[in-house]
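Chains, contacts and geometry: an overview
Below, each chain spelled out in residue letters.
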Amino acid sequence: MNTIDHYNFAGQRVLVRVDFNVPLDENLSITDDSRITAALPTLKKIRDDGGSIVLLSHLGRPKNGPSPKTSLSNLVSHISTLLGVDVRFADDCIGTMATELSASLKSGEVLLLENLRYYKEEENGDHDFAETLSKLGDFYVNDAFGTAHRAHASTAIIAQFFPSSKCFGYLMAKEINNADLVLNNPKRPLTAIVGGAKISDKIVIIENLLKVANHIIIGGGMSYTFIKAKGGAVGNSLLEKDMLDLALGILDQAAQKGVKIHLPIDSIVADEFSNNAQTLTCLSHEIPDGWMGLDIGEQAIASFKTVINLSQTILWNGPMGVFELDKFSNGTREMAFALASVTNNGTFTLIGGGDSAAAIHQYKLEDKVSYVSTGGGALLEYFEGKVLPGISAIIS
Ligand code: AMP
């Protein structure tokens with residue numbers, strides 16, 4: 001793989017596309033810096049070589065132009081502390097200030113540019129905007145896995161201006177290697193655990209996983225469409241009526257391919273979507289009218305754990321229930337701890353980004369699983385079998 005390990009950056013100005021899209025609280029303080037710390041090894045290597053760095057990132061979704069909430073200036077002091085160097089800041093990602101500051105960088109110095117998404121040209125993948133950005137550096141490194149599925153100016157289009165001076169950073173390389181370990185070279189049995197709200201969001205990934213997985217565990221809201229498709233009664237649980245045929249099709253394909261699909265035997269059902277709801281445990285195919293399944297039950301947890309314990313490789317994407325509400329978080333927490341426990345016994349566990357990653361962080365298990373991906377949408381698209389623009393731009 002074309003990574004920064006193959007280069008020495010002495011005397012080079014390196015444009016590094018990072019994903020510093022971190023959450024900020026009402027005082028504009030960073031509440032979770034993991035996206036910044038994930039890029040530190042790449043930044044350290046470039047500075048240790050004697051290169052300088054121009055950091056490119058977006059923050060939030062600034063649909064209405066610049067605002068204090070989406071300014072990358074909020075990150076300057078924290079990045080300076082983490083890197084141990086005073087990071088400079090250009091309050092526009094293009095223009096005179098960015099040009100002059102980037103030209104003045106000396107070995108080891110770091111410049112952060114203002115939010116790329118203040119220009120619509122970024123998300124439009126504008127060629128000229130990408131070319132303007134490219135002039136700010138001699139070499140291009142992409143270390144932003146979280147945006148690798150977007151063909152934006154700074155994530156993909158820019159790479160063409162660095163035909164032989166571009167590569168992946170360590171984070172991108174790690175993300176790709178870990179995903180490939182599951183997709184292309186898994187120790188078997190390979191189990192995919194898929195959860196979350198909607199089957200329509202995960203249909204392509206499930207279809208693609210049917211080609212590689214031995215077991216697919218389906219939990220969360222989406223499981224009720226499968227259960228209904230099999231003739232079960234799901235009460236008021238989340239149901240996508242227009243997906244019933246597709247769900248049956250998936251169950252058929254799985255049977256033909258010898259992939260075992262595991263649905264939750266029982267559910268915690270509630271009379272309302274709230275922590276104050278009345279709850280019952282019942283079989284997932286016998287949910288009474290007026291009740292909705294919001295978490296998997298004890299029998300489901302036990303049967304899912306049996307599959308987890310016999311697996312050698314596990315991918316987890318999506319919660320088993322409405323884990324944001326304490327009352328319905330048990331299934332997701334049990335899965336998280338089960339994954340940590342089998343990792344300790346040598347099973348490779350890859351946690352998809354988004355809500356599953358949030359759950360792993362919430363239970364402080366990030367060091368007890370094999371890898372927690374930093375990319376929600378990007379990882380999903382990778383497992384859907386798509387070619388990610390941010391990856392192909394470096395490879396081509
Ligand atoms: P996704 O973004 O598709 O991974 O879905 C994550 C969301 O699914 C979380 O906000 C969960 O609260 C929600 N979710 C999980 N299980 C259920 C369920 N049984 N009913 C309704 N929502 C659910």
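Before reading on, note that the structure itself is shown above.
A quick note: this is a predicted structure, and the numbers were derived from the prediction, not measured.

**Some points on the overall build of the protein**
Broken down by element type, the protein carries 15 helices and 17 strands. Oriented by its inertia axes, the alpha-carbon framework of the protein measures out at about 70 × 45 × 40 Å. Residues classed as buried in the protein amount to 57% of the 396 residues present. In the protein, once contacts between residues fewer than 6 apart in sequence are set aside, the share between residues at least 24 apart is 72%. Approximately 16400 Å² of the protein is accessible, and the part contributed by carbon and sulfur atoms is 49%.

**Considerations on the site of the ligand**
Taken together, 14 residues lie near the ligand, and Ala 197, Lys 202, Gly 293, Glu 324 and Asp 355 sit nearest. Between Lys 202 and the ligand, the recorded distance is 3.0 Å, taken from a side-chain N or O atom to an oxygen atom. Measuring from an oxygen atom of the ligand, one finds a side-chain N or O atom of Glu 324 at 2.4 Å. Surface burial for the ligand is 80%, taken as the share of its 500 Å² of free accessible area covered by protein chains. By residue class, the composition of the shell around the ligand is 6 nonpolar, 5 polar and 3 charged.

**A short note on the sheet that holds strand E11 (residues 266-270)**
What the 3 strands build is an open sheet, ordered E12-E11-E14; its pairing is antiparallel. Two strands in the sheet have a free side with no partner beyond their single neighbour: strand E12 (279-283) and strand E14 (292-296). This sheet shows a mean twist of 40° between the axes of neighbouring strands, independent of strand direction. Sheet topology note: the E11/E14 ladder contains 4 bridges and is antiparallel. Bridge pairing links Ser 267 to Ile 296 in E14. Across the sheet, helix H11 (residues 298-310) is in contact with E11, E12 and E14; its angle to E14 comes to roughly 40°.

**Here we look at the packing of helix H8 (residues 199-209) against helix H10 (residues 244-257)**
Where H8 meets H10, the closest approach of the two axes is 11 Å, and the angle between their N-to-C directions is 20°. What the angle tells us is that H8 and H10 run roughly parallel. Considering only the axes of H8 and H10, their crossing is left-handed. Every residue of H10 that contacts H8 at Ile 199, Ile 203, Ile 206 and Glu 207 is listed here: Leu 246, Ala 247, Ile 250 and Gln 253. The class makeup of the residues in the contact of H8 with H10 is 6 nonpolar, 1 polar and 1 charged.

**So, helix H6 (residues 127-134)**
Given 3.6 residues per helical turn, the α-helix brings residues three or four places apart onto the same face. What H6 keeps buried is the set Phe 129, Ala 130, Leu 133 and Ser 134. Along H6, the residues classed as buried sweep out an arc of 140° about the axis, all on the same side. As for H6, its buried residues are in contact with strand E1 (13-17), strand E2 (52-56) and helix H5 (120-124). Between the side-chain oxygen at the start of H6 and the backbone nitrogen of Asp 128 there is a gap of 3.1 Å, and the oxygen is on Asp 126.

**Some words on the side chain of Asp 19**
Its place among the elements puts Asp 19 in the loop between E1 and helix H1 (34-37). From its side chain, Asp 19 meets the backbone nitrogen of Asn 21 in a polar contact 3.2 Å long. Contacts of Asp 19, omitting those with residues within four sequence positions, involve Arg 35, Ser 57, His 58, Ala 144, Gly 146 and Thr 147.

**So, the pattern of salt bridges**
Summed over all chains, the structure comprises 10 salt bridges. Residue Glu 109 pairs with Arg 88 through a salt bridge whose shortest N-O separation is 3.0 Å. Separated by 21 residues along the polypeptide, Glu 109 in the loop between helix H4 (96-103) and strand E4 (110-113) and Arg 88 in strand E3 (residues 88-90) bring together distant segments of the chain. What makes Glu 109 partly exposed here is its relative accessible area of 22%.

**Focus on unusual backbone geometry**
Cis rather than trans, the peptide bond between Arg 188 and Pro 189 has omega equal to 5°. Located in the positive-phi region is Leu 28, a residue other than glycine, with phi close to 65°. With respect to the element layout, Leu 28 can be found in the loop between E1 and H1. For Lys 364, which is not glycine, the phi dihedral falls at a positive 55°. Considering the arrangement of structural elements, one finds Lys 364 in the loop between helix H13 (354-362) and strand E17 (371-372).

Each value, and the rule that gives it
Residues numbered from 1 in each chain as written. Predicted model: local features only at pLDDT ≥ 70, side-chain atom pairs only at ≥ 80, totals over all residues. Heavy atoms only, no water. Helix = DSSP H or I, 4+ residues; strand = E, 2+ residues; numbered from the N terminus. Buried < 20%, exposed > 50% of the residue type's maximum accessible area, 1.4 Å probe, protein only. Contact = heavy atoms within 4.5 Å. Areas by Shrake-Rupley, 256 points an atom, 1.4 Å probe, with all protein chains shown as cover. Near = heavy atom within 4 Å. Polar contact = N/O pair within 3.5 Å; in protein donor to acceptor, adjacent residues only side chain to side chain. Nonpolar A, V, L, I, M, F, W, Y, C, P; charged D, E, K, R; others polar. Pairing = 2+ DSSP bridges. Axes fitted to C-alpha atoms, helices over the stretch in contact; angles between N-to-C directions. Parallel < 35°, antiparallel > 145°, perpendicular 65-115°, else oblique. Left-handed = near helix turned anticlockwise from the far one by under 90°. Arc of directions from axis to C-beta. Salt bridge = Lys/Arg side-chain N within 4 Å of Asp/Glu carboxyl O.

Honestly, that's just the spatial picture; any functional story needs more than this.
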